[in-house]
Amino acid sequence: MDRTGYDPNFLGEGIKVRPPKFSPRIDGVVFRGDELRDGIYLDYIHYSIVMNKKTRQLLYAASNIDQDNWMKYKRHSDDWNLDSRMPEELQLDNNYYKGVENPYDRGHLVRRANNCWAVPKTKENVKKANDDTFFYTNASLQHQYFNQDEWLALEDMFLNWELGKNGKLCILTGPVHRPFDRCFHRTWDDAARIPSAFFKIICYIGIESDKLETRAFLLYQDEEFTNNYRNGKKYVATNRFAKYQVSIADIENLTGLEFDSALPDSNPIYFNTPEDPNAVNRVYRYPERVPIVIKQDLVHNILANRETQEAKEEDKNLVIVAAMVNPEGRDSKKNEWVSLLNVSNDKIDLDGWALWNSRGKTAPLSGTVEAGESIRISFAKHDFSLVNADVHLILRNPKKDTVDIVSYTRKEAEESGHAIVFR
């Protein structure tokens, strides 16, 4: 198969998803070379990369996915290569990854499995597409507990995307570097910058709108995502990852990339500060870090506001401290409960509050909780249960702000008669 690279016309029907341009603050770090298409693009099968000569990692990758011509192809080897089209010293090789003792994986930015499609769909063609992702130019320093868990789960969501009209997707992805990035020091004078976050933008033709639709996500490589190691073993539960929907402007401000206006115009999350602080579209921090753990939180309608926002820090006055998920006894559902603790100095009226699980079920709350005291909530009267599976529990106030989120695993849930303590 030819290395034709990313196709901006891939979606069809006259819709073009152009790769981003560069603002003046990052134009100088773009690697340019005579062997690259248009002097900047490293073309591979189904995708193209622009490299950052300062970080020695990519600035971004643009890729195409054809769901209808995708084939499951097993990963047979881990043979990574330097790209001969650019200097070796401008690429991070295995000395920065598995060649040393560090927690950072060679994180595929264009995922191997997602690239396993071909026309015609033959095993030989798919193998070529698979193998063409194993270049260090397509890797970035991703913490092993981020790469193998949250990032992987987001990639799975893209591969199984069901909102597109024709099964064709355009993906723009890359690292986010900030002034206070951590560094991995190979020697005292050789440091590789570790991205603070990663973005992914998915573009497709909407089934109902018949127009370009865009969704943008930003995942931080911070303690929230990397601190999921339990009992000396890697902990992976793909429905526990947090997916963050953001605006295109958020990504532009963080990266210095400049995206075509068609992307923010087709993305339902906008970068704005409401004139009325009590407006429905409340934004308390930039970029918005609103965890999306139930499908109701994903915004699909270009005119719609997100149903929930993250509560301000001062409004996070009630927390989930424990849950009896699997009580003993025949009529066990009546004995399920969740314990909430008022961590403020004021009494809280629970009228309008609700507890959600990540299956989309909700239980309205009532009563009051005195300052510093706790209350036990049971669910016998509600179409709500504490499922014996990997689940999030989400606490929301009357404004539908997300005040607290906890999660438990199937293994924890199956321990009958023992409460799960979250704090």
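Note: the structure precedes this text.
Residues numbered from 1 in each chain as written. Predicted model: local features only at pLDDT ≥ 70, side-chain atom pairs only at ≥ 80, totals over all residues. Heavy atoms only, no water.

1. Focus on helix α2 (residues 123-131)
Within α2 the residues assigned to the buried category are Asn125, Val126, Ala129 and Asn130. Viewed along the axis of α2, the buried residues span an arc of 140°, placing them on a single side of the element. With respect to the buried face of α2, the exposed residues turned more than 90 degrees away are Lys123 and Glu124. (Buried < 20%, exposed > 50% of the residue type's maximum accessible area, 1.4 Å probe, protein only. Helix = DSSP H or I, 4+ residues; strand = E, 2+ residues; numbered from the N terminus. Arc of directions from axis to C-beta.)

2. A few points about the sheet that holds strand β25 (residues 402-408)
Across the sheet, four strands lie side by side as β21-β20-β24-β25; this open sheet has antiparallel pairing. The open sheet has two edge strands with one neighbour each: β21 (362-364) and β25. The sheet shows a mean angle of 15° between the axes of neighbouring strands, taken without regard to direction. Relative to strand β24 (residues 391-396), strand β20 (residues 354-357) runs antiparallel, the two being bridged by four bridges. Looking at β24, one finds that Trp356 is bridged to Ile394. (Pairing = 2+ DSSP bridges. Axes fitted to C-alpha atoms, helices over the stretch in contact; angles between N-to-C directions.)

3. Side note on the side chain of Lys200
Inspection of the secondary structure puts Lys200 in strand β10 (residues 197-205). Assessed through its relative accessible area of 1%, Lys200 is described here as buried. Polar side-chain contacts of Lys200 include one of 3.2 Å to the backbone oxygen of Leu109. (Polar contact = N/O pair within 3.5 Å; in protein donor to acceptor, adjacent residues only side chain to side chain.)

4. With respect to the sheet that holds strand β2 (residues 42-43)
Ordered by their spatial adjacency, six strands build an open sheet running β2-β3-β4-β7-β10-β11, and the pairing between neighbours is antiparallel. Every other strand in the sheet has two partners, leaving β2 and β11 (212-220) as the edge strands with one partner each. As judged from the six bridges shared by strand β3 (residues 47-52) and strand β4 (residues 57-66), these two strands associate in the antiparallel manner. Among the inter-strand pairings, Ser48 is bridged to a residue of β4, identified as Ala62. The sheet strands contacting helix α5 (residues 248-255) are β7 (168-176), β10 and β11, and the helix crosses β11 at an angle near 50°. (Contact = heavy atoms within 4.5 Å.)

5. Considering unusual backbone geometry
A cis geometry characterises the amide bond from Val119 onward to Pro120, with omega recorded as 0°. Positive phi, normally seen in glycine, also occurs at Asp38, with a value near 55°. Even without a glycine there, the phi angle at Asp210 is positive, about 60°. For Asp210, the location among the structural elements is in the loop between β10 and β11.

6. Focus: the pairing of strand β9 (residues 190-194)
The two faces of β9 differ: Asp190, Ala192 and Ile194 on one face are buried, but Ala191 and Arg193 on the other face are not. Here five bridges tie strand β8 (residues 182-187) to β9, and the two strands are oriented antiparallel to one another. By the bridge assignment, Thr187 is partnered in β9 with Asp190.

7. Quick notes on the nonpolar core
Judged by nonpolar contacts, the single largest core of 35 residues is most densely connected at Phe22, Tyr60, Phe199, Ile201 and Phe259. Those elements giving two or more residues to this core turn out to be β4, β7, β10, β11 and α5. It is β10 that provides the largest number of residues to this core, a total of five residues. Among the nonpolar cores identified, the runner-up in size contains 28 residues, and Ala323, Trp353, Val403 and Ala413 belong to it. (Core = buried A, V, L, I, M, F, W, Y, C linked by side-chain atoms within 4.5 Å.)

8. Side note on the pairing of strand β17 (residues 318-324)
Counting buried residues along β17, seven of its seven residues qualify, which places the element largely inside the surrounding structure. Of the pairings in the sheet, the one linking β17 to strand β18 (residues 337-342) comprises six bridges and is antiparallel in character. Residue pairing across strands places Ala323 opposite Val338, the latter belonging to β18. Bridge count for β17 against strand β26 (residues 420-421) is two bridges, and the pairing is antiparallel. Each bridged residue has a counterpart across the sheet, and for Ala323 the counterpart in β26 is Ile420.

In short, shape yes, function no, at least from these values alone.
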